[in-house]
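# Descriptive analysis of the structure
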Amino acid sequence: MCRLLIVDDEMMITDGIEKALSESCLHFSEICKAYSATQALEKFRACPFDLVISDIRMPEMDGLEMTEEMKRLNPKLIAIFLTGFQDFEYARQALRLGARDYLLKPVPDEQLIDSVKRAMNTLQAESVLKSGDSVLTNSAIIEAIQKYITDHPDRNLSLTALSKRFRMNSSYLSRLFHQETGLPVSAYIIAQRIECAKKLLSATNLKVNDIARRVGFDNPNYFARVFKEKTGLLPTEYRLLY
């Protein structure tokens, strides 16, 4: 089961998140709270957690720096960041740390619970796949595949490659993915690559050609064509507006 750590220097927010998750249908082996990054790291060093929900701006040490240190202790840690500041630099750093979600305060309970549920499904899938156990829910399988696609847009994400990685028949994977998400695998991959490109265009000064490669497009012209098809704008136009 999942060990969860909630970190926020605002006690009311930390306690509110704990209450919302404790009263949800989700099951945790333990939910702990910390009211500073320093206190959180002390708890983490004593016994690493699987999932952390953290504010970003905190005194002494911010949530990004704290999470980076935690990931040295547990590289499989999943992080969900909460912040009241719409700052693209924060978003960029959060993405670099493999953030599961980047949510703006105040976050509705339903949205937070859904985010945590998806993170827990990913943890379950990774745990089962690592152990070689064949008992795994369909939703957990799809969560793991979705996370892999989102975290690695630059990699070979062909159906054959995904099937090999997740040890599944390619036809079954394709059918199950469509059944669970309502989308073909290829459509989901394109959507995630475009979302990643949008974030990089907004949050970095990388050249468009470099961004194209980072999100899995070898041909920059093809990337520009797909980007415009999905957003109505060329990558250069999107960067000027956002």
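Residues numbered from 1 in each chain as written. Predicted model: local features only at pLDDT ≥ 70, side-chain atom pairs only at ≥ 80, totals over all residues. Heavy atoms only, no water.

### Thoughts on the pairing of strand β5 (residues 101–104)
Side chains of β5 alternate between two faces, with D101 and L103 buried and Y102 and L104 left unburied. Bridge count for strand β4 (residues 78–83) against β5 is four bridges, and the pairing is parallel. Its bridge partner being in β5, I80 is matched across the sheet by D101. (Buried < 20%, exposed > 50% of the residue type's maximum accessible area, 1.4 Å probe, protein only. Helix = DSSP H or I, 4+ residues; strand = E, 2+ residues; numbered from the N terminus. Pairing = 2+ DSSP bridges.)

### Side note on helix α3 (residues 63–73)
Residues of α3 that are buried include every one of G63, L64, M66, T67, M70 and K71, and no others. Along α3, the residues classed as buried sweep out an arc of 155° about the axis, all on the same side. If you check the start of α3, you find a side-chain oxygen 3.0 Å away from the backbone N of L64, and it comes from D62. (Arc of directions from axis to C-beta. Polar contact = N/O pair within 3.5 Å; in protein donor to acceptor, adjacent residues only side chain to side chain.)

### Thoughts on the packing of helix α2 (residues 37–46) against α3
How two helices pack is summed up by the angle between their axes together with the distance between the axes. It is at 10 Å that the axes of α2 and α3 come closest, and there the two elements cross at 5°. Between α2 and α3, the interaxial angle falls into the category roughly parallel. Here A37, A40, L41, F44 and R45 of α2 come into contact with α3, specifically with M66, E69, M70 and L73. Of the residues in the contact of α2 with α3, the class split is seven nonpolar, no polar and two charged. (Axes fitted to C-alpha atoms, helices over the stretch in contact; angles between N-to-C directions. Parallel < 35°, antiparallel > 145°, perpendicular 65-115°, else oblique. Contact = heavy atoms within 4.5 Å. Nonpolar A, V, L, I, M, F, W, Y, C, P; charged D, E, K, R; others polar.)

### Digging into unusual backbone geometry
Residues K105 and P106 are joined by a peptide bond in cis, for which omega reads -10°. Not every positive phi belongs to a glycine, and E60 is a case in point at roughly 70°. Within the secondary structure, E60 sits in the loop between β3 (51–55) and α3. The class of E60 is exposed, set by a relative accessible area of 74%.

### Regarding the pattern of salt bridges
Across all of its chains, the model carries 14 salt bridges by this definition. Note that D8 is salt-bridged to K105, the shortest N-O span being 2.9 Å. Linking D8 in the loop between β1 (2–7) and α1 (11–22) with K105 in the loop between β5 and α5 (109–131), this pair joins segments that are 97 residues apart in sequence. D8 gets classed as buried once you look at its relative accessible area, which sits at 0%. A salt bridge links R72 to E69; its shortest N-O distance comes to 2.6 Å. Here the residue R72 and the residue E69 both occupy positions in helix α3, the gap between them amounting to three residues, near one helical turn. (Salt bridge = Lys/Arg side-chain N within 4 Å of Asp/Glu carboxyl O.)

### Side note on the side chain of R193
As for its position among the elements, R193 is in helix α9 (residues 185–203). Sequence-distant contacts of R193, that is, excluding residues within four places in its chain, are made with P153, R155, L157, V215, G216 and F217.

### A short note on the nonpolar core
Counting residues in hydrophobic clusters, the biggest one holds 20 residues, and the most contacted among them are L5, V7, A40, V52, M66 and M70. Of all elements in the fold, only β1, β2 (28–34), α2, α3 and β4 reach the threshold of two or more residues within this core. Here this core takes four residues from α2, the largest share from any one element. Discounting residues that sit within four places of it in the chain, V7 has contacts with T14, A34, S36, A37, A40, V52, I53, S54, D55, M58 and M66. (Core = buried A, V, L, I, M, F, W, Y, C linked by side-chain atoms within 4.5 Å.)

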